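Listed below, chain by chain, are the residues.
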Amino acid sequence: MGSSTASSGPSSLKLVGLVAAWYAGNTLYNIYNKKATNMIHAHWFVAAAQLVVGVVWSMVMWGTGIRKTPNLTAGDIAKCVPIGLFACLAHAGSVLAMGVGAVSFAQIVKACEPAFAAAIGLLLPPMDVKPLLAYAMLIPIVGGVGLACVKEGKGVDINVTAFAWASMANMAAALKGKMGGSVTKSLKGDKSKNMDSANVYAVMNIISFLFNVPMVVVAELPTLQEEWDKATAEHGAQALIINIALSGFFFYIYNEFAFAFTANVGAVTSSVLNTAKRVIIIVVSSIVFVEPMERNTVIGSAIAIGGTFAYSLASKATPAAKKKKA
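Residues numbered from 1 in each chain as written. Predicted model: local features only at pLDDT ≥ 70, side-chain atom pairs only at ≥ 80, totals over all residues. Heavy atoms only, no water.

(A) View of the overall build of the protein chain. The secondary structure content of the protein chain amounts to 15 helices and two strands. By the compact-globule yardstick of 20 Å for 326 residues, the protein chain fits well, its C-alpha radius of gyration being 20 Å. The buried share of the protein chain, taken over its 326 residues, is 45%. Put simply, 86% of the contacts in the protein chain that link residues at least 6 apart link residues at least 24 apart. Of the roughly 15,600 Å² of accessible surface on the protein chain, a fraction of 69% belongs to carbon and sulfur atoms. Distance from the positive charge centre (25 side chains) to the negative charge centre (15 side chains) of the protein chain: 15 Å. (Helix = DSSP H or I, 4+ residues; strand = E, 2+ residues; numbered from the N terminus. Rg over C-alpha atoms; globule rule 2.2 N^0.38 Å. Buried < 20%, exposed > 50% of the residue type's maximum accessible area, 1.4 Å probe, protein only. Contact = heavy atoms within 4.5 Å. Areas by Shrake-Rupley, 256 points an atom, 1.4 Å probe, with all protein chains shown as cover. Lys, Arg positive; Asp, Glu negative; His and termini not counted. Charge placed at Lys NZ, Arg CZ, Asp CG, Glu CD.)

This is the structure:
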């Protein structure tokens, strides 16, 4: 049964459904996340609360038997801990960047993630050397982001705080990808572990939450009650809770669909569609939150996203040297 499924592959309808759910979930997450962070200025708390939704979801899935419970040893969990840490920082960095700046700006900066991934690939063993064309594509990515930060008549105008948080998210995502590839592949390859793509993400989400809690305690606990009271007085507790809960729900759902899609089609196709997703988020968020998009912003973001698209394709090309060796 397994071999016939593998040979026939996933149906086109299933893949279209996964992409539609991924895109819709991601777009809705960005909308509700921005609404939540506009309401309460305790963004580490919002990031942690969003992860709680995923933790509860996973517990329900495992508790009811809808999904098999992961069968992990202490050693397996230890290997997952660093990946969970970087997942925490990638998620929190994105939340904080969009909390203090425009969603569109955060997405433009996050288009620079390939530059971070390329650097990490060269600096950390085992070295991951991409084809020369892939490195060349980093020029339009970085240049496009730079152009998007140039305001007409004002010169370079950057929300430094949002840029820093989005860059932290990029760095963490690159480290997560570098360190997590072999670990997740090993766990998914051992059927006795019950670690399909959904359970891999669920476990990482739980570890990510555990790392997020101390950050809330250190950065926001002293003022959290005050910020909560201010937010509920201005917006109402119901609206605040709904926006946080929905952002958490859509965050978990879109990641689960993205993981499932990647498992079916591979990293290259997934990377290309992840690039296209940013265009949708930038356009929708600009409309929903009335975020101005100047000419340089539009042109720069188009160049950066186009460069990311090309990098995704070029980075997976097999260099001639490797072909000869093989």
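Picking up after the structure, the text goes on.
(B) Quick peek at a nonpolar patch on the surface. On the surface, L122, L123, L124, M127 and V129 cluster together to form a nonpolar patch covering roughly 470 Å² of accessible area. As for its position among the elements, L124 is in the loop between α6 (113–123) and α7 (132–136). Of the residues examined, L124 reaches a relative accessible area of 32% and is grouped as partly exposed. (Patch = residues over 30% accessible without salt bridge, like charges linked within 9 Å, V, L, I, M, F, W, Y side chains within 5 Å. Salt bridge = Lys/Arg side-chain N within 4 Å of Asp/Glu carboxyl O.)

(C) Looking closely at the packing of aromatic side chains. This model, assessed by the stated rule, comprises 12 aromatic pairs. Ring geometry for W22 and Y23: centres 5.6 Å apart, planes at 75 degrees, overall edge-to-face. Since its relative accessible area comes to 2%, W22 is described here as buried. For the pair W22 and F261, a centre-to-centre distance of 5.7 Å together with 40 degrees between the ring planes defines the contact as tilted. (Phe/Tyr/Trp six-rings, centres within 6.5 Å; stacked < 30°, edge-to-face > 60°.)

(D) Summary view of helix α11 (residues 221–235). Look at α11: 21 Å from first C-alpha to last across 15 residues, which is about the 21 Å you get at 1.5 Å a residue. Of the surrounding elements, those touching the buried residues of α11 are α2 (12–39), α3 (43–63), α10 (197–219) and α12 (237–265). Of the residues trailing α11, G236 is marked for its positive phi of about 95 degrees. (Expected span 1.5 Å × (residues − 1).)

(E) Representation of the environment of F261. The residue F261 is located in helix α12 in this model. For F261, a relative accessible area of 3% translates into the label buried. For the pair F261 and V160, spaced 101 residues apart in sequence, the C-alpha to C-alpha distance is 34 Å.

(F) Expanded view of the pattern of salt bridges. What the rule picks out here adds up to four salt bridges. A salt bridge links E256 to R67; the shortest N-O distance between them is 2.3 Å. Here E256 is found in helix α12, whereas its partner R67 is found in the loop between α3 and α4 (74–100), with 189 residues between them in sequence. The buried category is assigned to E256, whose relative accessible area is 11%. Of the charged contacts, one joins K130 and D128 as a salt bridge, the two residues approaching to 3.1 Å between their closest N and O atoms. By relative accessible area, which is 31% here, D128 ends up partly exposed.

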